[in-house]
Amino acid sequence: MIQLRDCLASTGRPVPDLDLGEEMCEEMREVSNIRHFYDERALVGELLLTLADPERRMVFLSSFPLSSDILSYYRDLVVSSGCTFSDPFERVILVSPPAVTGEPLKVLTRRVVESPLLLRQLTSTLEQVSAPPIADYCVLETYAQTDLDISLAKALGIPLCCQGTASRDWGTKSGSREIFAWLGLPHARGSSRLCMNPSELAREILALCMRVRGEQNCNSYIQVNPKRVIVKIDDGISGRGNVVIPLPSDYETMETPELHKAIQESLPLAVEHWEAWTSELARAGAIVEEFIETDRDKTSPSVQATIHPSGRVQIVSTHEQKISGDKGKYIGCCFPANSDYFAELHDYGERVGRELSLKGVRGFFSVDTVAVLGSDTNKWSLYAIEINARKCATTYPMICVSHLTNSTYDETTGFLLAPPAPSPLHTPPIHKCYVSTDSMHCREELRAQGTADSVVEELSRRGLLFPQGDRKTGAFFHILSTLGPVSEVGVTCVENSCDAADQLFETVKCLLS
């Protein structure tokens, strides 16, 4: 996606190209519209960012065109929230390459780079809406910088604006572990050493088992004897490529050769698509760490922040992430994070942010953690899990809610604070809370209708649709294109308290499912 602006000193943020890698595209082949999911989620947030900056315009390059009813809904959403533009899409141009029947599934950037016709069309679009030379007025921002992204920027003759190679190095699983160890942040036992094949993986798991044996009398760790380990593809996102591997029940007492053999034999049994997964392992490598489990309460909080061009770190939100299954697949979030540890989350974010800043990273990042409730102290302990050096799944709900409610994040309280509705002077700001999911299941009746209007009308009839007048509360959709293919939508429920947001979310869930 390409941002057009009146000067390079503009403070507007460019728009990310959500290319997810060809390996992931192959994984997504079973669901034909799943890439709409990423494009659409980004479009809503980036549209609001564009409208907030009068100097910013945007050419939004997406994998597939969004339907007219979906675009109409987002137009109405933005206008109803107080947008001063009669048509929010006046400064946004949507571009999608035409689908070619029988063509192998490719990442978006490759489709453009390999098509002279698409390149000419895109260049022509830029020339029509930008003053010449376009290199002075346009930038390309990508989801994560790749060689293909560099090629596209060169072909278009415009700068590539992204977080660069530093983000690629330190936003990985191995890079995360190195930073956590350097900063002394509590994190799962394991190694940042990359394993590139099953043999190396088995040796690394064995080494972790041997380390655990030597620390059996140490109570400073999360768990004395982990029952499972998790293997993470180094550049995987949203739990993709993660594999949880059970350890032999008596590994603490097994002879080393016997344990090594048992681990080697267990690997293929734990992976559903062995050949495809080992290919990913050879491409990107993987790290091994203990799987954190406890019989006490366990949550998955995360802190989001941005590193300004000056290097200053600013915390922008905390969330409780909703994680599906042991592999860590993200399905939604609640804002704000638990008040018992939001200050500690801030500390993690600031410390990691300062280190990333020194290493040259700029822009959005987040730190995912696991919080475990202590059995003796009844106090939460945070363990750092990974760094995402990019906009991530929790970024877009925050962008949407803060812009739609005209609220700002207060680092002191951990809440979004919105100005009160028209009322007497000196009324305190209103706390804004929300629950968001990317995958709310919808009943067959709604899916069969096949349009966004079906779910929008369902909430509108009940008076639940955002913005509910001056209150700036209610439910709004941020993903609608997956309704037909997988009977799911993305929805965010905004209220003035955490309990009210939870209740609204459950009400919407019951209505749609």
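See the structure above.
Residues numbered from 1 in each chain as written. Predicted model: local features only at pLDDT ≥ 70, side-chain atom pairs only at ≥ 80, totals over all residues. Heavy atoms only, no water.

Asker: Explain the sheet that holds strand S9 (residues 286-290) to me, and be specific about the residues and the numbers.
Answerer: Taken in spatial order, the four strands make up an open sheet running S6-S9-S7-S8, and their pairing is antiparallel. Each edge of the sheet is formed by a strand with only one pairing partner; in this case those strands are strand S6 (190-195) and strand S8 (243-246). Ignoring strand direction, the axes of neighbouring strands in this sheet form an average angle of 25°. Across three bridges, S6 lies against S9 in antiparallel orientation. What sits directly across from Ser191, in S9, is Val288. Here helix H8 (residues 173-183) sits on the sheet in contact with S6, strand S7 (228-233) and S9, set at roughly 145° to S6. Contacts from helix H11 (residues 274-284) reach S6, S7, S8 and S9, with the element oriented near 65° to S7. (Pairing = 2+ DSSP bridges. Helix = DSSP H or I, 4+ residues; strand = E, 2+ residues; numbered from the N terminus. Axes fitted to C-alpha atoms, helices over the stretch in contact; angles between N-to-C directions. Contact = heavy atoms within 4.5 Å.)

Asker: Got a sec to walk through the nonpolar core? Specific residues and values, please.
Answerer: Among the nonpolar cores identified, the biggest contains 86 residues, and Phe477, Val508 and Leu512 are the most heavily contacted of them. When residues of this core are assigned to their parent elements, the largest contribution, seven residues, is made by helix H2 (residues 34-52). Of all hydrophobic cores here, the second largest spans 25 residues; its members include Ile205, Ile233, Ile263 and Val271. (Core = buried A, V, L, I, M, F, W, Y, C linked by side-chain atoms within 4.5 Å. Buried < 20%, exposed > 50% of the residue type's maximum accessible area, 1.4 Å probe, protein only.)

Asker: So what's going on with the pattern of salt bridges? Residues and values would help.
Answerer: One pass over the structure, following the stated rule, counts 18 salt bridges. With a shortest N-O distance of 3.2 Å, Arg443 and Glu458 are connected by a salt bridge. Of this pair, Arg443 sits in the loop between strand S18 (430-441) and helix H14 (444-449) while Glu458 is found in helix H15 (residues 452-461), placing the two residues 15 residues apart along the sequence. We classify Glu458 as buried; its relative accessible area is 5%. Among the ionic pairs, Glu495 bridges to Arg471, the shortest N-O distance being 3.4 Å. (Salt bridge = Lys/Arg side-chain N within 4 Å of Asp/Glu carboxyl O.)

Asker: Which residues make up the packing of aromatic side chains, and what values go with them?
Answerer: What the rule picks out here adds up to seven aromatic pairs. Seen from their ring centres, Phe335 and Tyr409 are 6.2 Å apart, and the 65° between their planes marks the pair as edge-to-face. In this pair, Phe335 sits in strand S13 (residues 329-335) while Tyr409 sits in strand S16 (residues 408-410), placing the two residues 74 residues apart along the sequence. Between Phe335 and Tyr434, the aromatic rings sit 5.1 Å apart at their centres with planes inclined by 10°, giving stacked as the arrangement. Placement of the pair is Phe335 in strand S13 and Tyr434 in strand S18, with a sequence separation of 99 residues. (Phe/Tyr/Trp six-rings, centres within 6.5 Å; stacked < 30°, edge-to-face > 60°.)

Asker: Quick one: what's the story with unusual backbone geometry, residue by residue and with numbers?
Answerer: For the peptide bond that leads from Phe335 to Pro336, omega is 0°, which places it in the cis range. When you line up the elements, Pro336 lands in the loop between S13 and helix H12 (342-358). Omega for the bond connecting Phe466 with Pro467 falls within 30 degrees of zero, at 15°, which places this linkage in the cis form. Topologically, Pro467 is positioned in the loop between H15 and strand S19 (474-479). Positive phi, close to 55°, is recorded for Lys472, a residue that is not glycine. Along the chain, Lys472 falls in the loop between H15 and S19.

Asker: Explain the environment of Tyr74 to me, using residue names and the numbers behind them.
Answerer: If you trace the backbone, Tyr74 turns up in helix H3 (residues 68-80). What makes Tyr74 buried here is its relative accessible area of 2%. Tyr74 sits 27 residues away from Leu47 along the chain, and the two C-alpha atoms are 9.2 Å apart. Not counting residues up to four positions away in its chain, the partners in contact with Tyr74 are Glu40, Val44, Phe477, His478, Ile479 and Leu480.

Asker: Quick one: what's the story with the packing of H8 against H12, residue by residue and with numbers?
Answerer: The geometry of H8 relative to H12 is characterised by a closest axis approach of 11 Å and an angle of 110° between their N-to-C directions. Between H8 and H12, the angle falls in the class roughly perpendicular. The interaxial crossing formed by H8 with H12 has right-handed handedness. Touching Ile179, Phe180, Trp182 and Leu183 of H8 are Arg351, Val352, Glu355 and Leu356, all from H12. Residue classes in the contact of H8 with H12 are distributed as six nonpolar, no polar and two charged. (Parallel < 35°, antiparallel > 145°, perpendicular 65-115°, else oblique. Left-handed = near helix turned anticlockwise from the far one by under 90°. Nonpolar A, V, L, I, M, F, W, Y, C, P; charged D, E, K, R; others polar.)

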